[in-house]
Amino acid sequence: MSKDKIPKLFDGSVNELTRPSRPKKDRKAKSKDMKKEKKQKTLYISLDMNKKLIELYGEEGRRQSTIVEDAVNLYYYLKLALGEKKFDELMSAVKREDPEFLREYMGRFKL
């Protein structure tokens, strides 16, 4: 057998081998938190929504996650404030994707 065929088992220092590992409790807790956080941040959006998100990100220079959080808060509180019927009307106006029509529609609301 030649020297090249012998596998290297470890390429680090002795200090790395003898360093104590993190307690299992910490590793499990961190792993659990990361999984929970990842599930909360999973977001499936259309290509059109992604394009709009990138455009907003470029214009405002903010993190995309912050923009998404703002959008969710806006959606949530508008729905609570307007009620189901008015909110559905507003969403149908938004889905037209016509800023002028939406501006007119929003002008009818009394604040």
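Just so we're clear, the structure is a prediction, and the values are computed from it rather than from any experiment.

Here is what the cut-offs are and how they apply
- Residues numbered from 1 in each chain as written.
- Predicted model: local features only at pLDDT ≥ 70, side-chain atom pairs only at ≥ 80, totals over all residues.
- Heavy atoms only, no water.
- Helix = DSSP H or I, 4+ residues; strand = E, 2+ residues; numbered from the N terminus.
- Buried < 20%, exposed > 50% of the residue type's maximum accessible area, 1.4 Å probe, protein only.
- Contact = heavy atoms within 4.5 Å.
- Areas by Shrake-Rupley, 256 points an atom, 1.4 Å probe, with all protein chains shown as cover.
- Expected span 1.5 Å × (residues − 1).
- Phe/Tyr/Trp six-rings, centres within 6.5 Å; stacked < 30°, edge-to-face > 60°.
- Salt bridge = Lys/Arg side-chain N within 4 Å of Asp/Glu carboxyl O.

## A few points about the overall build of the protein chain
Across its full length, the protein chain carries 5 helices and 0 strands. Start at the N end of the protein chain and walk to the C end: the helices and strands fall as α-α-α-α-α. Looking at the 111 residues of the protein chain, the share that counts as buried comes to 5%. Restricting to contacts in the protein chain with at least 6 residues of sequence separation, those with at least 24 account for 12%. Entry remark: accessible area of the protein chain is about 10900 Å², with carbon and sulfur atoms responsible for 56%.

## Description of helix 3 (residues 47–60)
Every α-helix winds through 3.6 residues per turn, so residues three or four apart in the chain are directed the same way. Compared with the 20 Å implied by 1.5 Å per residue over 14 residues, the 20 Å span of helix 3 between its first and last C-alpha is a close match. Downstream of helix 3 by a residue or two, Gly61 has a phi angle that is positive, lying close to 65 degrees.

## Re the packing of aromatic side chains
Under the definition given, this model contains 2 aromatic pairs. Ring plane angle 85 degrees and centroid distance 4.8 Å describe the contact between Tyr75 and Phe87, whose orientation is recorded as edge-to-face. Considering the side-chain rings of Tyr76 and Tyr77, the 4.9 Å spacing of their centres and the 85 degrees angle between planes classify their relative orientation as edge-to-face. Here Tyr76 falls in the partly exposed class, since its relative accessible area comes to 47%.

## Here we look at the pattern of salt bridges
Opposite charge on two side chains permits pairing when their charged atoms draw close. Counted by the stated rule, this structure contains 4 salt bridges. In this structure, Lys52 and Glu97 form a salt bridge, with 3.2 Å as the shortest nitrogen-oxygen distance. Here Glu97 lies in the loop between helix 4 (64–94) and helix 5 (99–107) and Lys52 lies in helix 3, a separation of 45 residues in the sequence. Classification of Glu97 as exposed rests on a relative accessible area of 53%. Residue Glu100 is joined to Arg103 by a salt bridge in which the shortest nitrogen-to-oxygen separation is 2.5 Å.

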